[in-house]
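Listed below, chain by chain, are the residues.
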Amino acid sequence: MNLDIRPLAHDDIPAIIRDFAPRDPDKSAERWARVLEANRTGLRVTLVAWLEGKAVGVASVIWVSNYPPFAEAGIPEINSMSVVEPLRGRGIGSAIVRACEHVAIERGCPVMGIGVGLTESYARAQRLYPHLGYEFDEHGVFTNDWGSARYLTKRLAPAAPQPTPP
Ligand SMILES: CC(C)(COP(=O)(O)OP(=O)(O)OC[C@H]1O[C@@H](n2cnc3c(N)ncnc32)[C@H](O)[C@@H]1OP(=O)(O)O)[C@@H](O)C(=O)NCCC(=O)NCCS
């Protein structure tokens, strides 16, 4: 599969709306303009996966998570990941997660975080993240205005060398 994953650019937005949200183009245009602005100001890095000229997947790395334990520990979060429905289960989501991890590694982050909803619509994500090396954290279910989720982390780089005992 000739998948190209690259940061969101202004000129990508019409194709993303066409391929992801054709039903409500005005609302989507506003939303993607906000996402682009957050990339420009450095709040997030949004990656788009392209296959044969079509946008087939997206996700963002956000540097300050809305999940308090990640924000307090400075753990970036993979956020708003989605793959177009007909192409799910072919490795695109896994490739996007790896690309997001690469973004965090380049910034020197030792740990990556991700959250997943508890309902059936997130079933594939619930299975996928542990397969990719993510472990549920120790805080249990987190609930806010958007619903309930659990959060997972993955160590990206080897731990700093321990001081040698005297
Ligand atoms: C979650 C989501 C982003 C994953 O994307 P995806 O492209 O389906 O993910 P992958 O294809 O990499 O992995 C899904 C499964 O396919 C399997 N798979 C991956 N590549 C494969 C291949 N080449 N052949 C067969 N199976 C494959 C994976 O092992 C995984 O199996 P599992 O369900 O047993 O864990 C996608 O399903 C989605 O958009 N879901 C709805 C929105 C959502 O839940 N977003 C996440 C918010 S937390």
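Residues numbered from 1 in each chain as written. Predicted model: local features only at pLDDT ≥ 70, side-chain atom pairs only at ≥ 80, totals over all residues. Heavy atoms only, no water.

K.L.:
Honestly, the pairing of strand β8 (residues 147-155) in this entry has me stumped. Any pointers?
P.N.:
Strand residues, when the strand is regular, have side chains that alternate between the two faces of the sheet. When strand β5 (residues 111-117) meets β8, the two strands line up antiparallel, connected through 7 bridges. Each residue of the ladder has a partner; that of valine 116, found in β8, is arginine 150. Here 2 bridges tie strand β6 (residues 135-136) to β8, and the two strands are oriented antiparallel to one another. Bridge pairing links phenylalanine 136 to leucine 152 in β8. Sheet topology places strand β7 (residues 142-144) next to β8; 3 bridges connect them, and they run antiparallel. Note on β8: the bridge partner recorded for asparagine 144 is glycine 147. Counted along the chain from β7 to the antiparallel partner β8, the turn is 2 residues long. (Pairing = 2+ DSSP bridges. Helix = DSSP H or I, 4+ residues; strand = E, 2+ residues; numbered from the N terminus.)

K.L.:
Honestly, the state of the cysteines in this entry has me stumped. Any pointers?
P.N.:
Here, the word disulfide means a covalent bond between the sulfur atoms of two cysteines. Overall, the coordinates contain 0 disulfides when judged by the stated rule. Not engaged in a disulfide, the cysteine cysteine 109 finds its nearest cysteine sulfur in cysteine 100; these two sulfurs lie 12 Å apart. (Disulfide = S-S within 2.5 Å.)

K.L.:
I keep staring at the site of the ligand and nothing clicks. Help me out?
P.N.:
Within the structure, the ligand sits among 19 residues, and Gly89, Gly91, Gly93, Ser94 and Arg127 are positioned closest to it. Residue methionine 81 places a main-chain N or O atom 2.8 Å away from a nitrogen atom belonging to the ligand. Between an oxygen atom of the ligand and a side-chain N or O atom of histidine 131, the distance comes to 2.9 Å. In the complex, 72% of the free accessible area of the ligand, which totals 930 Å², lies under the protein chains. Counting residues per element, the shell around the ligand draws most heavily on helix α5 (residues 123-131), at 6 residues. Here the residues of the shell around the ligand sort into 7 nonpolar, 8 polar and 4 charged. (Near = heavy atom within 4 Å. Polar contact = N/O pair within 3.5 Å; in protein donor to acceptor, adjacent residues only side chain to side chain. Areas by Shrake-Rupley, 256 points an atom, 1.4 Å probe, with all protein chains shown as cover. Nonpolar A, V, L, I, M, F, W, Y, C, P; charged D, E, K, R; others polar.)

K.L.:
Looking at this model, I keep getting lost on the nonpolar core. Mind explaining?
P.N.:
One finds Ile78, Cys100, Met112 and Tyr134 to be the most contacted residues of the largest nonpolar core, which totals 29 residues. Top contributing element to this core by residue count: helix α4 (residues 92-106), with 7 residues. Judged by nonpolar contacts, the second largest core, of 12 residues, contains Ile13, Trp32, Val35 and Val58. (Core = buried A, V, L, I, M, F, W, Y, C linked by side-chain atoms within 4.5 Å. Buried < 20%, exposed > 50% of the residue type's maximum accessible area, 1.4 Å probe, protein only.)

K.L.:
Teacher, can you tell me more about α4 here?
P.N.:
An α-helical segment advances 3.6 residues per turn. Residues three or four places apart therefore align on the same side. A rise of 1.5 Å per residue sets the reference length of α4, with its 15 residues, at 21 Å; its end C-alpha atoms lie 21 Å apart and thus fit the reference within 8%. The buried count for α4 comes to 11 of 15 residues, which makes it a mostly enclosed element. Turning to α4, its buried residues are Ile92, Gly93, Ser94, Ala95, Ile96, Val97, Ala99, Cys100, Glu101, Val103 and Ala104. (Expected span 1.5 Å × (residues − 1).)

K.L.:
I would appreciate a short explanation of the pairing of strand β2 (residues 44-51) in the present structure.
P.N.:
A large share of β2 lies buried, amounting to 8 of its 8 residues. In β2, alternate side chains face the same way, and those of Arg44, Thr46, Val48 and Trp50 on one face and Val45, Leu47, Ala49 and Leu51 on the other are all buried. With 8 bridges joining them, β2 and strand β3 (residues 54-62) adopt antiparallel strand pairing. Residue pairing in the sheet places leucine 47 in a bridge with alanine 59 of β3.

K.L.:
Help me out: how do you make sense of the environment of alanine 38 in this one?
P.N.:
With respect to the helices and strands, the residue alanine 38 is situated in helix α2 (residues 25-40). Taking the C-alpha atoms as reference, alanine 38 lies 9.4 Å from isoleucine 62; in sequence the two are 24 residues apart. Excluding residues within four positions of it along the chain, alanine 38 makes contact with Leu43 and Arg44. (Contact = heavy atoms within 4.5 Å.)

Geometric descriptors of this kind do not, in isolation, establish any biological role.
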